[in-house]
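One-letter residues, chain by chain:
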Amino acid sequence: MKEGIRDTLVFDVKDLRHEDFKQYEALVPPETLGLIYEEAEFASPLSCTVLLLLQGGNNICVTADITSTLSAECRRCVKPFEIDVATTLNLFFSFGDESSEEDEADVRYYDGETLDISEDARQSLILEIPMWPLCSETCEGLCLQCGTELNGGACSCEAENEAPVAASNPFSVLSKMLENS
């Protein structure tokens, strides 16, 4: 049974006592999960589809598909752009106190009343934020001399300084070494 749209990733599991599964839709503000970064900003709420499946008495399997859009600045050309991010969670929750159970890394515990996947969603989304955001893999970036954006075409100083840049590059000898071997 599908519930209405929620704004949280905390679920009341009492309803699972009468049903085997529940499906939820959620639009969660990224700020509620602490997803605030200078390099990349979440441009839209987190769109979540969460399925809670009762398994073996009080155990609950959780599957969550989470998508959003990031607004970032290209590291090469410094232009803002948007990128879609997505993650899928597959979690297993067991009823009880985690200190009384064997230490299993893949098992989470809940108190029998509520189940919270917020921290798991936050950690998974952090891994989806690109460390070096690029508007495209072929972005040419900016000219190091004059600052002209090279995606629109070459600048006048590129032809003038082509030879000195190669000569001043300490790694330019590596290509010559590879050619000789």
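It should be emphasised that the depicted structure is a prediction, and the values quoted were computed from it without experimental measurement.

The next point concerns the overall build of the protein chain. A count of helical and extended segments in the protein chain gives four helices and nine strands. The secondary structure elements of the protein chain, listed N-terminal to C-terminal, are β-β-β-β-β-β-β-β-β-α-α-α-α. Within the protein chain, buried positions represent 31% of all 181 residues. Long-range contacts, defined as pairs at least 24 residues apart, comprise 52% of the intrachain contacts of the protein chain with a sequence gap of at least 6.

Phi at Val 78 takes a positive value of approximately 65°, unusual for a residue other than glycine. Its place among the elements puts Val 78 in the loop between β6 (59-73) and β7 (80-95). Owing to a relative accessible area of 40%, Val 78 belongs among the partly exposed residues under this scheme.

Under the definition given, this model contains five salt bridges. A salt bridge links Glu 113 to Lys 14, with the shortest nitrogen-to-oxygen separation between them at 3.7 Å. Placement of Glu 113 in the loop between β8 (107-110) and β9 (114-116) and of Lys 14 in the loop between β2 (10-12) and β3 (21-28) is noted, with a sequence separation of 99 residues between them. Residue Arg 122 pairs with Glu 119 through a salt bridge whose shortest N-O separation is 2.9 Å. Taken together, the residues Arg 122 and Glu 119, both in helix α1 (residues 118-128) and three residues apart, mark about one turn of the helix. The partly exposed category is assigned to Glu 119, whose relative accessible area is 38%.

Taken as a class, soluble globular proteins show a tendency for nonpolar side chains to be buried jointly. One finds Leu 9, Val 50, Leu 115 and Ile 117 to be the most contacted residues of the largest nonpolar core, which totals 36 residues. Listing elements by their share of this core, those giving two or more residues are β3, β4 (40-42), β5 (46-55), β6, β7 and α1. At six residues, the largest contribution of residues to this core is made by β6.

Moving on: the packing of aromatic side chains. Each aromatic ring pair is summarised here by two numbers: the centre-to-centre distance and the angle between the ring planes. Here the structure, examined in full by the defined rule, presents one aromatic pair. When the centroid spacing of 4.8 Å and the interplanar angle of 40° are considered together, the rings of Phe 11 and Tyr 24 count as tilted. Residue Phe 11 is found in strand β2, and its partner Tyr 24 is found in strand β3; the two are separated by 13 residues along the sequence. Taken individually, Phe 11 and Tyr 24 each receive the classification buried, so the pair is uniform in this respect.

To continue, consider α1. Within α1, the full set of buried residues consists of Ser 118, Asp 120, Ala 121, Ser 124 and Leu 125. The arc that holds the buried residues of α1, viewed along the axis, is 160°, so those residues lie on one side.

Let us look at the environment of Trp 132. Among the secondary structure elements, Trp 132 is positioned in the loop between α1 and α2 (156-160). C-alpha of Trp 132 to C-alpha of Glu 39: the two residues are 93 residues apart in sequence and 9.3 Å apart in space.

What follows is about the environment of Thr 8. Position of Thr 8 relative to the elements: it lies in the loop between β1 (2-6) and β2. The exposure class of Thr 8 is partly exposed, given its relative accessible area of 26%. Note: C-alpha distance between Thr 8 and Ser 118 (110 residues apart in sequence) is 7.9 Å. The residues touching Thr 8, leaving out its near neighbours within four places in the chain, are Ala 26 and Val 28.

Rules and cut-offs
As a convention, each chain's residues are numbered from 1 in the sequence order in which they are written. Selection of residues for local features in this predicted model requires a pLDDT of at least 70, selection of side-chain atom pairs for listing and counting requires 80 or more, and totals for whole chains, interfaces and linings are taken over all residues. Side-chain calculation: all heavy atoms of the structure are included, whereas hydrogens and water are not. A run of DSSP states H or I qualifies as a helix once it reaches four residues; a run of E qualifies as a strand once it reaches two. Both are numbered from the N-terminal end. Summary of the burial criterion: residues with accessible area below 20% of their type's maximum are buried, those above 50% are exposed, and those between are partly exposed, where the area comes from a 1.4 Å probe applied to protein chains only. The contact definition used throughout considers only heavy atoms, calling two residues in contact when any of these lie within 4.5 Å. Salt bridge, as used here: a side-chain nitrogen of Lys or Arg that lies within 4 Å of a carboxyl oxygen of Asp or Glu. Only buried residues count toward a nonpolar core, which is a set of Ala, Val, Leu, Ile, Met, Phe, Trp, Tyr and Cys residues joined through side-chain atoms within 4.5 Å. Note on ring pairs: Phe, Tyr and Trp rings are taken, using the six-membered ring of Trp, and paired if centres are within 6.5 Å. Classes follow the plane angle, with under 30 degrees stacked, over 60 edge-to-face and the rest tilted. Working definition: the arc comes from the directions between the helix axis and the C-beta atoms, pointing outward to the latter.

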